[in-house]
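# Observations on the model geometry
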Amino acid sequence: MTYTEPAQGERTLSRPELRPLWQMVHSRLSSGRPVTRVRLGPLDEAQREALADLLGLDRLPDPRPFVALSRLEEAVTELSGRTVRETVTELVGPLGDRASDRRREETERAELWAWLDDHATVRAQPALSDWTASCRAPAWSVDHRN
């Protein structure tokens, strides 16, 4: 197997100074919600220069800039022919979907409570029914004075 030098665009995208950008984009894309821009920072001088180079800006961005995902997509595609999602996955790791994870966990909790409420032992013991109800109540609504 022969080693091939990464293309110039790949080297640009993998610059260490761009790591905060990729980590933030990864985090936002992994939220499971629509993303149109990301807020970075604070960035140091080298990170701001790398971001300006990547986006083709004629001046340095603010230390805490917003980056439009559409503009980032253009720059990444022009440099590498890949999408932002592909680039972030390669540089940081697989994207998640935290919104979907939360929905799945809520469904699993609801199924567990339904099973518990329907269990013969719980139905036979009123104290257990009261206990399960108090466990599901929001923490702010539980009376801790007793």
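Scroll up for the structure.
Nothing here was measured: the structure is a model prediction, and the numbers come from that model. (Residues numbered from 1 in each chain as written. Predicted model: local features only at pLDDT ≥ 70, side-chain atom pairs only at ≥ 80, totals over all residues. Heavy atoms only, no water.)

## Here's the deal with the overall build of the chain
Scanning the chain for helices and strands turns up eight helices and two strands. Listed N to C, the secondary structure of the chain is α-α-β-α-β-α-α-α-α-α in terms of helices and strands. Look at the contacts in the chain between residues 6 or more apart in sequence, and 53% of them connect residues 24 or more apart. A total of about 10,100 Å² of accessible surface is found on the chain, and carbon and sulfur atoms cover 52% of it. (Helix = DSSP H or I, 4+ residues; strand = E, 2+ residues; numbered from the N terminus. Contact = heavy atoms within 4.5 Å. Areas by Shrake-Rupley, 256 points an atom, 1.4 Å probe, with all protein chains shown as cover.)

## Focus on the nonpolar core
In terms of nonpolar packing, the biggest core is built from 21 residues, with Leu21, Trp22, Val25, Leu54, Leu72 and Val84 touching the most fellow members. Those residues in contact with Leu54 that lie beyond four places of it in its chain are Leu13, Leu18, Leu21, Trp22, Leu72, Ala75 and Leu79. (Core = buried A, V, L, I, M, F, W, Y, C linked by side-chain atoms within 4.5 Å. Buried < 20%, exposed > 50% of the residue type's maximum accessible area, 1.4 Å probe, protein only.)

## Some points on the side chain of Ser80
Tracing the chain through its elements places Ser80 in helix α4 (residues 69-80). Looking at Ser80, its side chain comes within polar contact range of the main-chain nitrogen of Arg82, at 3.2 Å. Look past the residues within four positions of Ser80 in its chain and what remains in contact with it is Glu10, Leu13 and Thr87. (Polar contact = N/O pair within 3.5 Å; in protein donor to acceptor, adjacent residues only side chain to side chain.)

## What to know about the packing of aromatic side chains
On inspection of all chains with the given rule, the structure shows zero aromatic pairs. Sitting above the plane of the Phe66 ring, Arg37 keeps its charged end 3.9 Å from the centroid. (Phe/Tyr/Trp six-rings, centres within 6.5 Å; stacked < 30°, edge-to-face > 60°. Lys NZ or Arg CZ within 6 Å of the ring centre and 35° of its normal.)

## A closer look at the environment of Thr36
Along the chain, the position of Thr36 falls in the loop between α2 (19-29) and β1 (37-39). For Thr36, a relative accessible area of 61% gives the class exposed. For the pair Thr36 and Leu69, spaced 33 residues apart in sequence, the C-alpha separation works out to 5.3 Å. What Thr36 contacts, discounting residues up to four positions off in sequence, is Val67, Ala68, Leu69 and Ser70.

## Overview of the pattern of salt bridges
Scanning the entire structure with this criterion turns up eight salt bridges. A salt bridge links Glu74 to Arg71, with the nearest nitrogen and oxygen atoms 3.5 Å apart. Pair noted here: Glu74 and Arg71 are both in helix α4, with a separation of three residues, about one helical turn. Notably, a salt bridge pairs Glu108 with Arg104, separated by 3.5 Å at the nearest N-O pair. One end of the pair is Glu108 and the other is Arg104, both in helix α6 (residues 98-118) and four residues apart, which spans about a single turn. Under the relative-accessibility criterion, Glu108 is labelled partly exposed at 42%. (Salt bridge = Lys/Arg side-chain N within 4 Å of Asp/Glu carboxyl O.)

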